[in-house]
Structure formats: C-alpha cells, structure tokens
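# Coordinate inspection notes
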Amino acid sequence: MDKTFKLIRDTYRNGSTLGKLYHPGGGHLCETLEDIVRGWGIKDGGTTAIPVGRYRLTVSRSSKFKRDMVMVYTEPNKYEVKMNGIGFKGIRMHGGNSNKDTWGCIIVANNRTGPETVHGSAESSITSSVQKLEKDGHTVWLEVINKHQAQ
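If you're wondering where the values come from, they're calculated on a predicted model, not measured in any experiment.

### Comments concerning the packing of aromatic side chains
Counted according to the given criterion, the structure contains zero aromatic pairs. The positively charged end of lysine 43 is found above the aromatic ring belonging to phenylalanine 88, 4.5 Å away from the centroid.

If you want it as structure tokens, here you go:
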C-alpha cells in the first residue's frame with residue numbers, strides 16, 4: 001500500500017523556498033527549506049528546488065554524510081530525479097539552517113526562525129518515519145505542491 005508525505009511550499013523568497021511537510025496520516029511533521037523554485041525546464045546547479053511532482057522516498061546510506069538518510073528520486077537507480085525537463089542527483093532530506101545548506105536538497109527542521117532560515121533538525125524524525133513505513137511493506141512517496149502566495 002502506498003503512503004504519501006506532502007510537502008506544501010508556502011513562502012517564496014529571493015534565495016529560498018519555505019514549506020511544511022505532512023505525514024501520510026495528515027499531521028504536520030516539520031518545516032522545510034529549499035532552494036528557489038524555477039520555471040519548467042530551468043535549473044541553476046546547486047540553487048534550484050526540485051519541481052512540483054510525485055517522488056519516491058527511501059532510506060539509504062549516504063556516502064557523503066556517512067549515515068542513513070532519506071533519498072528522493074524518480075529513476076530506477078534510486079539516486080536521480082528527472083522531472084519537467086531537468087535532472088538532479090543525490091537529493092536528500094537533511095538538517096540545515098539556510099539555503100547555503102541545501103544544494104538542491106530539502107532541509108527538514110523543527111522551526112522557522114526567519115524569512116529564509118530554519119532551526120532544529122527534523123532529519124531523524126523523517127528518516128525514522130520512512131524506515132518504519134518501508135519496514136511495514138509500504139511504498140513511500142513525496143508529493144511536492146506549490147501553494148500560491150498572495151501578494
């Protein structure tokens with residue numbers, strides 16, 4: 001059975017995008033911070049958020065961080081994202097505080113601390129949640145949604 005986390009982006013700034021991550025049961029799990037959302041087919045390496053869409057999630061060992069972390073992907077190699085005419089590699093969900101910590105990844109945190117910053121890593125919570133769902137035999141997904149921001 002499929003289980004889907006929802007990331008609803010709600011705040012768009014010059015250097016970052018903030019949102020909220022919801023558990024498949026509907027409850028708020030954490031805050032998110034990503035790079036800038038760009039138009040269809042546009043990518044600026046290391047400063048572009050993944051496009052709106054549906055992605056698979058799994059927990060795998062990060063060779064860079066030397067620990068188990070959530071991987072976001074669309075391709076059978078469980079490492080790449082290809083969506084809306086652009087591609088990404090190695091998109092993880094991990095802790096951090098600003099867009100300087102993202103490099104295309106999704107920062108997961110307990111609190112928003114400013115217009116472009118977050119604090120308190122929620123990495124272990126999201127990793128544990130995905131691991132439990134996988135252990136229980138579920139296919140785990142992430143749906144990314146851009147909420148319109150009123151001017």
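### Describing the nonpolar core
Formed by 25 residues in total, the largest nonpolar core has its most connected members in Phe5, Leu21, Leu57, Val72, Met93 and Leu142. Membership of the second largest hydrophobic core comes to five residues, among which are Leu18, Leu33, Ile107 and Val118.

### Re the side chain of serine 16
Looking at where serine 16 falls in the secondary structure, it is placed in the loop between strand E1 (2–12) and strand E2 (17–22). The exposure class assigned to serine 16 is buried, which follows from its relative accessible area of 0%. Engagement of the side chain of serine 16 in a polar contact is seen with the side chain of glutamate 116, the distance being 3.1 Å. Residues in contact with serine 16, not counting those within four places in the same chain, are Thr11, Leu33, Glu34, Asp35, Ile36, Asn99 and Glu116.

Parameters at a glance
Residues numbered from 1 in each chain as written. Predicted model: local features only at pLDDT ≥ 70, side-chain atom pairs only at ≥ 80, totals over all residues. Heavy atoms only, no water. Phe/Tyr/Trp six-rings, centres within 6.5 Å; stacked < 30°, edge-to-face > 60°. Lys NZ or Arg CZ within 6 Å of the ring centre and 35° of its normal. Core = buried A, V, L, I, M, F, W, Y, C linked by side-chain atoms within 4.5 Å. Buried < 20%, exposed > 50% of the residue type's maximum accessible area, 1.4 Å probe, protein only. Helix = DSSP H or I, 4+ residues; strand = E, 2+ residues; numbered from the N terminus. Polar contact = N/O pair within 3.5 Å; in protein donor to acceptor, adjacent residues only side chain to side chain. Contact = heavy atoms within 4.5 Å.

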